[in-house]
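For reference, the chains in residue letters:
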Amino acid sequence: MNRVLMAAASFHMLWGLSVALFPNLPFDWAGVAHPLYLEFWQCIGVVGAVFGIGCAIASTEPLVHWPIVLMGLIGALLGPACFLQAALSGRLPALAFLAILACGAIWWLPFSWILYQAYRLQLGREREAAPEIQRMAMKAHSQIGPSISELSQMSPVLLVFLRHMGCTFCRETLADLAARLRDIERNDTQLVLVHMSSEAQAHGCFRKYGLENVPRVSDPQRTVYRAFGLGRGSFLKLFGPKVWIRGLEAGLLRRHGLGKIVGDGFQMPGVFLIFHGTVLRSYRHQSAADRPDYLALTSMETFPEWERR
């Protein structure tokens with residue numbers, strides 16, 4: 001998405017500047033008479049160059065600056081439509097229409113894809129922001145009986161969403177949690193794990209790390225994952241350079257290894273601190289290789305004074 005928008009920025013800035021500086025050139029190339037007031041045409045070129053600057057800004061965070069992308073898509077659709085009408089009426093040659101169509105059509109698919117991804121992101125946020133959806137998801141029961149919501153009524157709950165059990169980073173997470181379990185409990189916090197395996201498949205893995213007695217929720221349909229806004233990762237989040245480097249470290253040097261994928265291999269993890277059914281803190285992984293500070297998430301010392309009271 002970043003590369004597409006930078007290409008669009010370069011294209012529109014070059015086109016806009018060429019029109020502003022050489023306004024007669026497109027009309028000579030199309031073989032039509034020059035307009036009476038070239039200044040209007042030059043102003044259109046300036047607008048195109050300004051849109052190119054907008055595309056450069058949007059390339060920094062495409063899903064945040066999606067309105068700029070929407071403007072570009074509308075322009076890429078309406079521009080050829082207007083030229084088609086002029087070509088059919090005989091006011092412009094067909095060659096001019098084909099040129100405008102080509103310049104607009106190259107952005108239809110990539111701009112539509114960016115808008116679709118922005119829509120998916122917003123949809124996920126709306127689902128996550130709806131308190132009733134999270135409340136329903138927290139009714140999921142653990143293997144020991146009480147639900148996530150019920151456990152959070154007794155003490156703060158550190159709800160850790162895992163990736164699939166064969167993932168190197170999932171195994172590293174279990175090792176980290178096992179090493180810090182007593183410290184987490186000293187912070188009066190109950191650890192609860194959410195995974196995508198069946199209970200029978202997960203039991204052996206958790207026992208290997210000494211976490212067989214920790215409350216856990218089996219969520220193979222990823223209902224609880226989605227309720228907390230945890231979606232599927234992009235290519236870079238799952239296979240980027242950082243992931244490969246950390247994967248070699250965790251898998252080979254720390255000997256966590258790899259296993260069979262059970263669940264959605266693209267699912268992203270996350271961590272939430274919940275008390276009385278309310279999310280107090282959260283950590284959303286920016287890559288599969290992230291390694292959160294679980295104790296900092298549970299420590300009361302890092303809460304504001306009003307929250308401690």
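Conventions and cut-offs
- Residues numbered from 1 in each chain as written.
- Predicted model: local features only at pLDDT ≥ 70, side-chain atom pairs only at ≥ 80, totals over all residues.
- Heavy atoms only, no water.
- Helix = DSSP H or I, 4+ residues; strand = E, 2+ residues; numbered from the N terminus.
- Contact = heavy atoms within 4.5 Å.
- Buried < 20%, exposed > 50% of the residue type's maximum accessible area, 1.4 Å probe, protein only.
- Arc of directions from axis to C-beta.
- Phe/Tyr/Trp six-rings, centres within 6.5 Å; stacked < 30°, edge-to-face > 60°.
- Axes fitted to C-alpha atoms, helices over the stretch in contact; angles between N-to-C directions.
- Parallel < 35°, antiparallel > 145°, perpendicular 65-115°, else oblique.
- Left-handed = near helix turned anticlockwise from the far one by under 90°.
- Nonpolar A, V, L, I, M, F, W, Y, C, P; charged D, E, K, R; others polar.
- pLDDT = per-residue confidence, 0-100.
- Pairing = 2+ DSSP bridges.

What about the side chain of His164?
Working step 1: On the secondary structure map, His164 appears in the loop between strand S1 (157-161) and helix H9 (168-186).
Working step 2: Discounting residues that sit within four places of it in the chain, His164 has contacts with Cys170, Met196, Lys260, Ile261, Val262 and Gly265.

Side note on helix H10 (residues 199-208)
Working step 1: Ala202, Cys205 and Phe206 are the residues of H10 that are buried. Projection of H10 onto a plane perpendicular to its axis shows the buried side chains occupying an angular sector of 95 degrees, all on one side. Exposed residues on H10 whose side chains face more than 90 degrees from its buried face are Ala200, Arg207 and Lys208.
Working step 2: Where H10 ends, the next residue or the one after it, Gly210, has phi of about 75 degrees, a positive value.

Describing the packing of aromatic side chains
Aromatic rings in a pair are described by how distant their centres are and how their planes are angled relative to each other.
Working step 1: The final tally for this structure, using the stated rule, is 9 aromatic pairs.
Working step 2: Look at Phe161 and Phe272: their rings are 5.7 Å apart centre to centre, the planes differ by 85 degrees, and that puts the pair in the edge-to-face class. Separated by 111 residues along the polypeptide, Phe161 in strand S1 and Phe272 in strand S4 (residues 270-275) bring together distant segments of the chain.
Working step 3: Residue Phe161 is classed as buried on the basis of its relative accessible area, which comes to 1%.
Working step 4: Relative accessible area serves as the criterion here: at 1%, Phe272 is assigned to the buried category.
Working step 5: Taken together through their ring pairs, the aromatic side chains of Phe161, Tyr225, Phe228 and Phe272 make up a single cluster.

With respect to the environment of Val192
Working step 1: Considering the arrangement of structural elements, one finds Val192 in strand S2 (residues 190-195).
Working step 2: C-alpha of Val192 to C-alpha of Ile148: the two residues are 44 residues apart in sequence and 7.7 Å apart in space.
Working step 3: If near-sequence neighbours (up to four positions away) are discounted, Val192 is found in contact with Leu151, Val157, Leu158, Leu159, Val160, Val214, Pro215 and Val217.

Notes on the packing of helix H1 (residues 2-21) against helix H3 (residues 38-58)
Working step 1: Relative orientation of the contacting elements H1 and H3 amounts to 160 degrees, with a least axis distance of 7 Å. Overall, the two elements H1 and H3 adopt an arrangement that is roughly antiparallel. Seen along the crossing, H1 lies across H3 with a hand that is left-handed.
Working step 2: In terms of residue class, the contact of H1 with H3 is built from 18 nonpolar, 6 polar and no charged.

Remarks on the confidence of the model for the protein
Working step 1: Per-residue confidence for the protein gives a mean pLDDT of 86, with 93% of residues at or over 70.
Working step 2: Averaged pLDDT values for the elements of the protein fall to 41 in helix H15 (residues 305-308) and rise to 97 in S1.
Working step 3: A low-confidence stretch, residues 304-309 (pLDDT under 50), is modelled with 3 contacts involving residues beyond four sequence positions or located in other chains.

Some thoughts on the sheet that holds S1
Working step 1: Taken together, the 5 strands give an open sheet; going across it, the order is S3-S2-S1-S4-S5, and neighbouring strands pair in mixed fashion. Only two strands of the sheet have a single partner each, and these edge strands are strand S3 (216-218) and strand S5 (278-284). Recorded for the sheet is a direction-independent mean angle of 20 degrees between the axes of neighbouring strands.
Working step 2: Looking at chain direction, S1 and S2 are connected through 5 bridges and run parallel. When the bridges of S2 are listed, Leu158 appears paired with Leu191.

A word on the pairing of S5
Working step 1: Examined bridge by bridge, S4 and S5 share 6 bridges and lie antiparallel to one another. In the strand pairing of S5, Phe275 is matched with Thr278.

Quick look at the environment of Tyr225
Working step 1: Residue position: Tyr225 is located in helix H11 (residues 223-227).
Working step 2: Relative accessible area serves as the criterion here: at 0%, Tyr225 is assigned to the buried category.
Working step 3: As for Tyr225 and Phe22, which are separated by 203 residues in sequence, their C-alpha atoms are 56 Å apart.
Working step 4: The residues touching Tyr225, leaving out its near neighbours within four places in the chain, are Phe161, Leu162, Val194, His195, Met196, Asp219, Leu230, Gln267 and Met268.

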